[in-house]
Structure formats: C-alpha cells, structure tokens
Amino acid sequence: MEIYLDANATTPVLALARAAAQAVMADTYGNPSSVHGSGLKARAVLDGARAAARRVLGAPSGRLLFTSGATEGIQTAALSVLRALRDRRDAGQPIATQLLYGATEHKAVPEALKHWNAVLGLGLEVLAIPVGQDGRHDLDWLRAHVADAAMVCTMAANNETGVISDLDGIAAVLAGSEALWLVDGVQALGKLQLRLLERRIDYAPFSGHKLYAPKGIGLLYVREGAPFTPLAAGGGQEDGQRAGTENMAGIAALGAVLQALEGTEVFAPLARLLSHRERLVAALGEAFPGLVFNAPLETSLPTTLNFSVPGLPSKVLLNLFDAAGIRVSGGSACGAARAQPSDVLQAMGLPAWQTESAVRLSFGAADGTALIDAACARLRACGEALRAAPVAGARAWQPAAPAETGEEACVDMAAATLQQLLDGGQPPLLVDVREAYEQALQPAALAAQAAPLSGLDDALAGWRALPAERTVVFLCRSGQRAAQAARALRAQGHARAFSLAGGLALWPVQAGAPVASTATA
Ligand code: PLP
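Here the structure is a predicted model, which means the values were calculated and not measured.

Enquirer: In this structure, what is going on with the packing of helix α1 (residues 15–26) against helix α7 (residues 248–262)? I would like to understand it.
Expert: Relative orientation and spacing of two packed helices are given, respectively, by the angle between their axes and the distance between those axes. Their axes nearest at 7 Å, the elements α1 and α7 cross at an angle of 145°. Note that α1 runs across α7; the crossing there is right-handed. Contact with α1, carried on its side by L16, A17, A20, A21, V24 and M25, involves M248, A249, A252, A253, A256, V257 and A260 of α7 and no other residues of that element. Tallied by class, residues from the contact of α1 with α7 come to 13 nonpolar, no polar and no charged.

Enquirer: Just to check I follow, could you spell out the sheet that holds strand β16 (residues 472–475) for this structure?
Expert: Sheet strands associate in pairs through backbone hydrogen bonding, adopting either a parallel or an antiparallel arrangement. Here five strands make up an open sheet; going across it, the order is β13-β17-β16-β14-β15 and the pairing parallel. Each edge of the sheet is formed by a strand with only one pairing partner; in this case those strands are β13 (412–413) and β15 (449–450). Inspection of the sheet shows β16 paired to strand β17 (residues 497–500) by three bridges, in the parallel sense. Within the sheet, the bridge partner assigned to V472 lies in β17 and is A497. The strands touched by helix α16 (residues 480–491) are β16 and β17; relative to β17, the strand with the most contacts, the crossing angle is about 175°.

Enquirer: Sorry, what's going on with the sheet that holds strand β10 (residues 304–308) here?
Expert: Read from one edge to the other, the open sheet built from three strands follows the order β9-β10-β12, with strand pairing classed as antiparallel. Strands at the two margins of the open sheet, each flanked by one partner only, are β9 (292–293) and β12 (359–362). Bridge analysis of β10 against β12 gives four bridges, and the strand direction is antiparallel. Looking across to β12, one finds that F307 is bridged to V359. Against the sheet, helix α8 (residues 270–287) touches β9, β10 and β12, its axis set at about 15° to β10.

Enquirer: Which parts of the structure should I look at to understand the pairing of strand β14 (residues 429–432)?
Expert: In the case of a regular strand, side chains alternate between the two sheet surfaces. In β14, alternate side chains face the same way, and those of L429 and V431 on one face and L430 and D432 on the other are all buried. As judged from the four bridges shared by β14 and β16, these two strands associate in the parallel manner. Within β16, the residue paired with L429 across the bridge is V472. Pairing of β14 with β15, which is carried by two bridges, proceeds in the parallel orientation. Bridged to V431 within β15 is Q449.

Enquirer: Please explain unusual backbone geometry as it appears in this structure.
Expert: Both trends apply: most residues other than glycine have a negative phi, and most peptide bonds are in trans. For the bond from W507 to P508, the omega torsion is 0°, close enough to zero to count as cis. Here P508 is to be found in the segment after β17. In the Ramachandran plot, R195 falls in the positive-phi region, its phi being about 45° despite a non-glycine side chain. You can see R195 is positioned in the loop between β6 (180–182) and β7 (203–207). Classification of R195 by relative accessible area gives partly exposed; the value is 31%. Of note in the backbone geometry, D239 takes a positive phi value of approximately 55° without being a glycine.

Enquirer: Hey, could you run me through the packing of helix α2 (residues 37–57) against α7 in this one?
Expert: Where α2 contacts α7, the two axes come as close as 8 Å, and the packing angle between them is 40°. Relative to α7, the element α2 is oriented oblique. Every pair of crossing elements has a handedness; the one defined by α2 and α7 is left-handed. Across from A42, V45, L46, G48, A49, A52, A53, R55 and V56 in α2, the residues of α7 making contact are M248, I251, A252, G255, L258, Q259, L261 and E262. Residues that form the contact of α2 with α7 fall into these classes: 12 nonpolar, three polar and two charged.

Analysis parameters
Residues numbered from 1 in each chain as written. Predicted model: local features only at pLDDT ≥ 70, side-chain atom pairs only at ≥ 80, totals over all residues. Heavy atoms only, no water. Axes fitted to C-alpha atoms, helices over the stretch in contact; angles between N-to-C directions. Helix = DSSP H or I, 4+ residues; strand = E, 2+ residues; numbered from the N terminus. Left-handed = near helix turned anticlockwise from the far one by under 90°. Contact = heavy atoms within 4.5 Å. Nonpolar A, V, L, I, M, F, W, Y, C, P; charged D, E, K, R; others polar. Pairing = 2+ DSSP bridges. Buried < 20%, exposed > 50% of the residue type's maximum accessible area, 1.4 Å probe, protein only. Parallel < 35°, antiparallel > 145°, perpendicular 65-115°, else oblique.

Structure representation (structure tokens):
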C-alpha cells in the first residue's frame, strides 16, 4: 500500500468531491450562463459553492471568484494592484515605490510581481521581507519599509515548512498604511481560521488541489473596495470578473469539500491533527536518532513536518522512503525536479547540511488514524533497514570522470522494449543500482543482480569483460541513478548499456500507458 504523505504538493480527490464533479458532468451539465432549466440548475450549483466558500473563509462581502488555481489568483491580484498604481501615476498622483513579499513565499508571488511590474512598465522595487530562523517575517524590517510599500504579500502558512505567519502582527504593522495586502491562503485553508474580513486582508488566493478537490480549480477573494482588474476578458462570466465558461466539475467538487469543512465528519479537528503529528514525531525520532526539525513545531501547521537527519542527504532519505512506499518530498513540488537546496530553508538561514538534507512530510486534514498508524510503522521499518544496511558514503555517487562533454547521451530503454527482450528469449543482464536498504524494503519486480550505485566503481570492472553484443539494463527507482550507471559503463567502452526509462516506479508496463521513451535496444 502506498502511504501518501505529500499533501502540501497535492491531495487525492475526496469521494464526496468526485461524486459532486461526476454529478455535474453527467446530470447538471448545463452552462450556468444559460437561462433555461439546465442552465439554472448549474447556476444553483455554482451559487451554492460560492456561498459555502464565503462562510468558510469568513468573507460575507467582497469579490469571491473561481479561478484555475492559486497561481491565477495571485496574477489577478498583482495585476489589479499594479494597474491601479499605474493609473494613479499616469494621472500625476504620487505612488509608493516598493512591492514587498515574504522571503519564503511560493515562487508564484515574486514572479507575478516582477512580471506585471515589467509588463505595465512601472519599474517599482520588488523586495523580499526577511524571515528569522523560525521562518516568521521580520516585523521590524516591515515596519521600516511600510511607508514606501504599495503592496505587501505574506502567505498564511508556508508550503515547505508549515510555518504559520503572524498575520495579526502583520496586520498591526499595516494598520494605517496604504499598502494593499495579499495573503496566500493555500496551505492554511482547512487548518486555520483566516478571518479575511476582520483582518482587512485585501486579496487571498486559494487552490482546490491542496484541499481534496481536483487540480485546475481555485478561489480568489478580493476585499470590497480593493482595486480589481480582470485577468481575462470575454463572455462576461463571473460577473465580468473572469471570462471563460466556468469549470463546473471543479467548482462542484470544491463546493462539496467546502461544505464538508463546515461539518465534523470528514475533516479532523485541531486536537486530532496535533495527536497525529505527535505520533509521527515519535516514530521519526525512533527511526532516525539525531533528527532535527527545520521549523519550530509550536508555530507550524500540525500537518507539516520538515526535518533533516545528520549525514543523510535528502536524496538518500527520499529513495529510502520511496522504497518503503512512503511518498514525501524534499521541498516544494515545483522545485522537486531542480533538486536544489530549498530557497525557503536558505532564507531562514539554516546551516547548509540542514538545507541539503531536508525532507518534507505533510498529511492532510482529512487523513485518518489508520494512515498515520501505517505511516509510523513504515517509518520505523525505514530506520531498521538503514541500520541493517547503512549508507556507504552519504554523498551520491558520481562517475570518476565526466563521461562525455556537451549534451548527455540518452541511455533510456523504454519499458515496452525491455519487455520484448525478456519475452524474446535473450534477456539482458539486469542490474539493480538501488542501495541495499532500498532493495531490502522493496525488492525489484525484476530478477536483477544487485550493485548499489555507491559501490559502482568496483562493479564496473567486472562488466568490462562482457561480450560487446550483451545488453545491460540498469534499474533504479526513477531511472536517474540507472542512467548514471549506464553512462559510466558506456564510457568504459560497453555500448549496449541502458537504463529502464521511468525506473521501477513505472514497471511493470501499465496497459495503455503512453510510451515514455523512443530509445530502442
Ligand atoms: N501558493 C502556495 C503556498 C502553494 O503551496 C501553491 C502550490 O504549490 C501555490 C501557491 C500555487 O497553487 P496552484 O497550484 O493552485 O496554482
């Protein structure tokens, strides 16, 4: 069973949300702009979802529009503020000169500010509000800059660390200032009370797929009286605030989730989330003695744990967890492909070893006790596997000398091609380059020789004697380490060295799966 603990990246879609989406696709499929019966039924679903959002967000007034997600909401807010500034500047009125964002904001915020600042030709200064080691905004710095600020962007809770911002403290600093305030509420929704109206927040974007609704649906709240410019013009949908026929399946699903948030059956109360966290903290501590948390638990969401283990780079830990069927991540999902140390942890000033070893474990507010029980047991099993087969050299293995210059040769072999070789009576030599503790937790689905990448230099010598026509296919979790091994063997003169494209994660070949690679054997 897969244990999914990466809720801050995205969540599965709840059954009640799937049912609501299915109902509007199959039954209430009218266009909510149509005035006939089918349209009116769809309109009722739309209005019901919006009303639930207003109740849950504490936003009885102001604009509340459905968007494609938080990134779109952030663009709309940035465009709205900057366009109003440009109009004032063009009318000869004085405008503030700075756009401020928290140093640990999601990339969508600073990138949107810079983008619209450039597109509208405003040339304002875009500055990061520093954060302390606890991940919270430096309010003294903010106080010193607020007089020059046209816009201030501070997330409610951080996606990588779970750190909860001091929104009341920020509101106090902003009181009396003309700066417009954006609060990214993506990670807070369902876990914290945002009290948008009471705190005089001007803009608040939200995302459905972080809260058990599908991807491609979100919300933007805009305080009554705050500047607003639609991002898209067209058929006048959403009262002219966001053109384009509404994503009714997404809206219905999000509406169902928001309604569930008002009850107590689906989403756990704070006390239960805290007890889940306590148990995970205990299991992690037992599995990995010396582990440190990268943000203070008392000022973080109960559902997010960001930690580092001395001597174990994130990559090693992620491979270990993945082999145990536990899905966690090294930081934000958008940054995962870059595999760089986290900007968020660096902004907090954490030591390099902590930023290079960081792992984020996040569960959702609808996850039950059974999942947490299973997660704790698996985490302990990870610790045992590591003690039984310790990491040989904590650093990831690198070839002794770069095999090639310029673009790296593609060594991928499509899973379908490997299947053909296996079926054709000339099976290749299969080599599993995952570390011993990964192989112990999750034996490969293919009979393969074990040669962990950390000891590859010794193993390479043995394969040099292979006949030139013998095909060697390396296996690992995602295909990356296997590709390193295949390139190293090619550099030693054996041309028929490949890696299983997509790794063991995609094996056996799924029926109907698109072919991921064009390389042939
Ligand atoms: N803000 C935060 C804090 C996030 O975690 C995310 C998602 O990663 C976003 C914004 C972007 O949301 P979306 O995927 O809906 O565009």
